[in-house]
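# Structural overview for review
Below are the chains, spelled out letter by letter.
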Amino acid sequence: MLPTIFSARRIITMDPSRPAATHVLVHEGRILAVGTPADMGDWGEAHHDDRFADKVLMPGFVEGHAHMMEGSIWRFVYLGHYARIAPDGRRWDGITSTDKLVERLRERGEELGDGPIVGWGFDPLFVPGERLTRLDLDRVSTDRPVVVLHSNMHLLTANSAALEMAGYDRDTDVPGVLHTSDGLLHGELQEMGAMFPVMRRAGASFRNLGGDPESIWNLARSACRAGVTTSTDLLNDLTDEGLGDLLETTSAEAFPLRLVPMLSAMSLPPDAVAGRAAELARNSTDRVRLGGVKIVTDGSIQGFTAQLNAPGYYRGTDNGIWNIAPETLNAMVDDLNRAGVQMHIHVNGDGASLVAIEALEAALAGHFRPDHRHTLQHCQMADGAQLRRIAALGACVNLFANHLYYFGDKHYEVTIGPERACRMNPCASALALGIPLAIHSDAPITPLAPLFTAWCAVNRLTDSGRVLGTSERIGLDAALHAITLGAAYTLKLDGEIGSIEVGKRADFAVLEDDPHETGDERLKEIRVWGTVFGGKPVPAGTF
Amino acid sequence: MNSAAALPVNILCGYLGAGKTTLLNRLLSQGDERVLVMVNDFGDIAVDAALISRRSADTIQLSNGCICCSMGGGLFEAFERALGYRGQVDRLVIEASGVAEPARLAAFAQAEPELICKAVVAVIDPGSVEARLADPRIGAVVRRQIEGADIFYLSRADELDAGMLDNAAQVACRINPAAALFRGMDEAFVKALDSPHDPFLTSRTGARDHGDIFTRRSVILAAAPDRKRFLRFLSKFSNSIHRLKGFVRFADCSRPELIELAGGRLSTSFAPDDGSTIPVRLVAIGPDPVVLEQFEKEIKLEF
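Residues numbered from 1 in each chain as written. Chains lettered and ligands numbered in written order. Predicted model: local features only at pLDDT ≥ 70, side-chain atom pairs only at ≥ 80, totals over all residues. Heavy atoms only, no water.

### Some remarks on the overall build of chain A
- Looking only at helices and strands, chain A has 19 helices and 24 strands in total.
- Relative to the compact-globule value of 24 Å for 543 residues, chain A shows a C-alpha radius of gyration of 24 Å, a close match.
- The dimensions of chain A, computed from C-alpha atoms along their principal axes, are 80 × 55 × 45 Å.
- Looking at chain A as a whole, 62% of its 543 residues qualify as buried.
- Carbon and sulfur atoms form 49% of the exposed surface of chain A, whose accessible area is close to 19,100 Å².
- Counting 49 positive and 70 negative side-chain charges, chain A places the averaged centre of each group 1 Å from the other. (Helix = DSSP H or I, 4+ residues; strand = E, 2+ residues; numbered from the N terminus. Rg over C-alpha atoms; globule rule 2.2 N^0.38 Å. Buried < 20%, exposed > 50% of the residue type's maximum accessible area, 1.4 Å probe, protein only. Areas by Shrake-Rupley, 256 points an atom, 1.4 Å probe, with all protein chains shown as cover. Lys, Arg positive; Asp, Glu negative; His and termini not counted. Charge placed at Lys NZ, Arg CZ, Asp CG, Glu CD.)

Structure below.
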């Protein structure tokens, strides 16, 4: 095959040596030249592809923190407040009333014909009127189980048929099974324990939300729509079977996404993690990059399960959890650092980030490792002092910029209060200290869309229009860096992807609009045509 | 979903190094029950699973985690697998992770009709429990483990001095007065394991459902009361207090007694001598906070 020269309205390279270009020469998946037509050099005969002549090319976006569940959760019907686009391209309007919710579930029931009807993403705070009950869902069906998973995944509402299947009735006295004031079942079930009997009987168990081939393809579909050519799957047990599915599915010629799955450190005995990570690394392919490890420390801020330092939560009860004991974390971090395994450590609250910083300090003091790129994931509440320690460690942060928009009002009013909400996800402070920065969506927790994530970091606007701390805003170029080269750096892939440079992979995001023309406020409105993956154009919605 | 009888579940919780595995192994080596073990802690001792599986029917390992943060279905999957053994085993024992909150695990066994939640055990290392509780990072977790238990098991009782054991017992009983206390694995302990989990008295569990309706009060008294007078006092409240449970060592009585008030009925029974140095420890729950406040005030005045 001949080399291809793509022309574009503009190419934003993210390469500081040559920030802008109009042409890029691609051959066998790699970039051979970037610049003006004159810079295409003497590569012999080339095929000219001008389909992007009125479009803008950027390096393919890199989602540094997403989950395979983004591909699998869509087997259930979407019931969230925000309009959202499914991997198949279908746009789902936000649910604004109980009637709309019932209507959508009914439609879903008709599509399916028979069996359970399950929805996800529901947020009762956004639906006016009484809280959703089993009686509302009985309007969908009285004989088929109907289950509505709430957006936080810690609550569900079930109809009478589903509750009956689980053996729940008015006499059920189980924590999390709500009753109404007249003693009858309410329909809402709180926390995993109470949800379990209903979910397993309605075929909505979380165990089914793993990385089967269709989910892997779905993640690639969502990614392409957002201009993403490399995405993490930031917690994966990576069993031999799961790995087999990943390698086989991604090896399809047309599969257009590089996946970076991180081995869950909790899936194996601690002394087996480093060995397994090394073994996995040897299985890496062009499209599946293995070897990193994920460690989860605390819970979430909006769920009140994050570990907070004093003064703790602003309103509400502290239910802080540890998924790993601090001592165990110390030992594990030391062990993995010694073995040269890169770690991605989930830390939401500042109590958790402190414990992770201490563990990294001890590990690196015992065994210095240059360019380790251990990364604190989320790290939403780190203050100046913690950031300075992170900088001294040479560690990276991947901040949860999307939280500012989706949960920012709640953080301001309820969880952590105005002051800490206005400094959370401190992108500007991190950059000022020279800390390598990525920003993320945590899809499916929030939608996979790096340009939206960049918009969040640039504008720091909440859903209600409140600005959360102008001082932590970052500039457009810094935000674009964070969703390309910055995120690639946290994955140790910056030599290969993240910018449009000679020798790198020809992975591009193809945009209809130029971010520098649309400007800061309208960054999230930029239309994405699709991607170029390994030199091949992949229009969104075509696979 | 087969039709076998519901599978009894015990949960062993306790911080790292508290002695959960030792207790589990002793349990497994002595009974003739077929026990299915679920290990929720790779912790710092990877030998856990190996040690255990030699003696039990099977071992299920589950990774810890909460769906919102880890996106893992670990717990769901483990419970589904455990349910697959129903009919082939007599009991499921879950060795919780050192940072697990028993209430979250117990909720599965309470909710699932194919499981039946038996006693939740907090394993306590007498030498470190106070320091753990005072640790700002993990104090809250250790407290919730103690709060969520029906039974305390003080580990290493045979090698530690009595003062340390008494102190640890006091610390735990003050947090959760209604829990039964054991310093070793005797017959009474094994029997207590089979008692049902009491989510109503273990304070964290059910908080969401009952918390709005009921108030709770703990009462610790330093002097052994007169039996007759004490029971007469309690019966005054038998209709205004919803439930009461606790352990009392009466003056001139050699054995402690378990006192329970439920449904307006006061009952007493002899309890195993747990060696507790607190003569009266009990929990009262009721719908009227004023009544409970009055109860607490009066009992302290009277005894």
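That was the structure; now back to the text.
### Description of the packing of aromatic side chains
Residue and element names in this part refer to chain A.
- Counted according to the given criterion, the structure contains 27 aromatic pairs over all chains.
- Between tryptophan 74 and tyrosine 78, the ring centres sit 5.6 Å apart and the planes meet at 35°, which makes this aromatic pair tilted.
- Given a relative accessible area of 12%, tryptophan 74 falls into the buried group.
- Judged by its relative accessible area of 4%, tyrosine 78 falls in the buried class.
- Taken together, a centroid distance of 5.6 Å and an interplanar angle of 45° make the contact between tyrosine 406 and phenylalanine 452 tilted. (Phe/Tyr/Trp six-rings, centres within 6.5 Å; stacked < 30°, edge-to-face > 60°.)

### Describing helix H11 (residues 384–393) of chain A
Residues and elements named next belong to chain A.
- By the burial criterion, the buried members of H11 are Gln386, Leu387, Ile390 and Leu393. Buried residues along H11 cover an arc of 115° about the axis, so they all sit on one side. Exposed positions of H11 whose direction lies more than 90 degrees from the buried face are Arg388 and Ala392.
- Each element contacted by the buried residues of H11 is listed here: helix H10 (350–366), strand E19 (375–378), strand E20 (396–399) and helix H15 (427–432).
- Glycine 394, located one to two residues past H11, shows a positive phi value of around 75°. (Arc of directions from axis to C-beta. Contact = heavy atoms within 4.5 Å.)

### Quick notes on the side chain of A:Asn398
All names here are of chain A.
- Here asparagine 398 shows up in strand E20.
- Polar contacts involving the side chain of asparagine 398 include one to the main-chain amide nitrogen of isoleucine 439, which spans 3.2 Å.
- Discounting residues that sit within four places of it in the chain, asparagine 398 has contacts with Gly64, His65, Thr375, Leu376, Gln377, His378, Ala438, Ile439 and His440. (Polar contact = N/O pair within 3.5 Å; in protein donor to acceptor, adjacent residues only side chain to side chain.)

### A word on unusual backbone geometry
- Going from A:Ala310 to A:Pro311, the amide bond is cis rather than trans, its omega being 5°.
- With respect to the helices, strands and loops of the structure, A:Pro311 is situated in the loop between strand E17 (293–296) and helix H9 (326–338).
- Even without glycine at this site, A:Glu191 takes up a positive phi of about 75°.
- Position of A:Glu191 relative to the elements: it lies in helix H5 (residues 191–201).
- Not every positive phi belongs to a glycine, and B:Arg156 is a case in point at roughly 60°.
- Among the structural elements, B:Arg156 can be located in the loop between strand E6 (151–154) and helix H8 (162–175).
- On the basis of relative accessibility, which here comes to 37%, the residue B:Arg156 falls in the partly exposed class.

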